[in-house]
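This is what each chain is made of:
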Amino acid sequence: ATGNLPAHFSSFVGRRVELVAVGEALAANRLITLVGDVGIGKTRLAMAAAAAAADSKPGGVWWVPLADLPADDTDAVAAWMLHSCSLSRPSVDPVEGLIDHFGSIAHSLVVVDGLGGASDAAAAVISRLLGQCPDTQVLATGIEPLNLPGEVVQVVPPMAMPAGDGVMRLDELEVFDATRLFIERAATTSGRQFDDA
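Residues numbered from 1 in each chain as written. Predicted model: local features only at pLDDT ≥ 70, side-chain atom pairs only at ≥ 80, totals over all residues. Heavy atoms only, no water.

Student: Just checking my understanding: could you explain the sheet that holds strand β4 (residues 136-142) for this structure?
Tutor: Hydrogen bonds between backbone groups are what pair the strands of a sheet, and the pairing can be parallel or antiparallel. Spatially, β2-β3-β4-β1-β5 is the arrangement adopted by the five strands of the open sheet, whose pairing is parallel. One side of each edge strand has no neighbouring strand; the edge strands of this open sheet are β2 (61-65) and β5 (151-155). Within this sheet the neighbouring strands show an average axis-to-axis angle of 15 degrees, counted without direction. Here five bridges tie strand β1 (residues 31-35) to β4, and the two strands are oriented parallel to one another. By the bridge assignment, V35 is partnered in β4 with G142. Lying on the sheet, helix α1 (residues 16-28) is in contact with β1, β3 (108-113), β4 and β5; it crosses β5 at an angle near 180 degrees. Sheet strands in contact with helix α2 (residues 42-53) are β1, β2, β3 and β4, and its direction is about 160 degrees off that of β4. (Pairing = 2+ DSSP bridges. Helix = DSSP H or I, 4+ residues; strand = E, 2+ residues; numbered from the N terminus. Axes fitted to C-alpha atoms, helices over the stretch in contact; angles between N-to-C directions. Contact = heavy atoms within 4.5 Å.)

Here it is, written out as structure tokens:
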């Protein structure tokens, strides 16, 4: 498949309702932003939604991790997007380089993960990209929305978890997504440590 979507190194637990909602939003809109607190699971949800949509994106699914980009500068963000997508950087405006590439391919999805401190510049780049590349969609994640026209904002809530009152059996705890995630990650970690021993 075209694109650079990272492979899943662990299973995707829970979030069925949210995953369906993101899929429906992607079927009808060009800009979707997943917002929520740090560590809530926006990245994993975006990755799962992008993977589910990949078959309908002949132009590819492209993953752009912005979280560690300190500069809130349009050219820096566009250049990083080009680099993340393994596209050659033109000697001219890097935003134009993105537009040239995505404007020439059909139905692609760009996932911009971790807007963070570069959100203003990212909004400017995404606005130009969507404005000039009608077959391109963007799925973004951040603490706050981009506040662009046509943006669909989906709030990612905390996973369901037990209230903490009383004692529950394991099978009762496994009903909750947060508990299932914890149990699975603990088993994976335990297995890794055992294998390395």
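Student: Would you take a moment to explain unusual backbone geometry for this structure?
Tutor: Most peptide bonds take the trans form, and the phi angle of most residues other than glycine is negative. The phi dihedral of S86 is positive, around 55 degrees, even though this residue is not glycine. In this structure, S86 sits in the loop between α3 (74-84) and α4 (94-102). Look at H107: it is not a glycine, yet its phi comes out positive at around 45 degrees. The class for H107 is partly exposed, based on a relative accessible area of 41%. (Buried < 20%, exposed > 50% of the residue type's maximum accessible area, 1.4 Å probe, protein only.)

Student: Sorry if this is basic, but what is going on with the environment of N29 here?
Tutor: Here N29 shows up in the loop between α1 and β1. Residues N29 and G150, 121 residues apart in the sequence, show an inter-C-alpha distance of 7.7 Å. If sequence neighbours within four positions are ignored, N29 has contacts with Q137 and V152.

Student: I tried to follow the side chain of T33 on my own but got confused; where do I start?
Tutor: By secondary structure assignment, the location of T33 is in strand β1. Side-chain polar atoms of T33 contact the side chain of E151, separated by 2.5 Å. The contacts of T33, once residues within four sequence positions are left out, are L115, A140, E144, P145, L146, E151, V152, V153 and Q154. (Polar contact = N/O pair within 3.5 Å; in protein donor to acceptor, adjacent residues only side chain to side chain.)

Student: How should the pattern of salt bridges be read in this particular structure?
Tutor: Evaluated as defined, the whole model comprises three salt bridges. Between D93 and R128 there is a salt bridge; the shortest N-O distance is 3.4 Å. Of the two residues, D93 is situated in the loop between α3 and α4 and R128 in helix α5 (residues 119-132); the sequence distance between them amounts to 35 residues. The partly exposed category is assigned to R128, whose relative accessible area is 29%. (Salt bridge = Lys/Arg side-chain N within 4 Å of Asp/Glu carboxyl O.)

On their own, these measurements won't tell you what the molecule is for.
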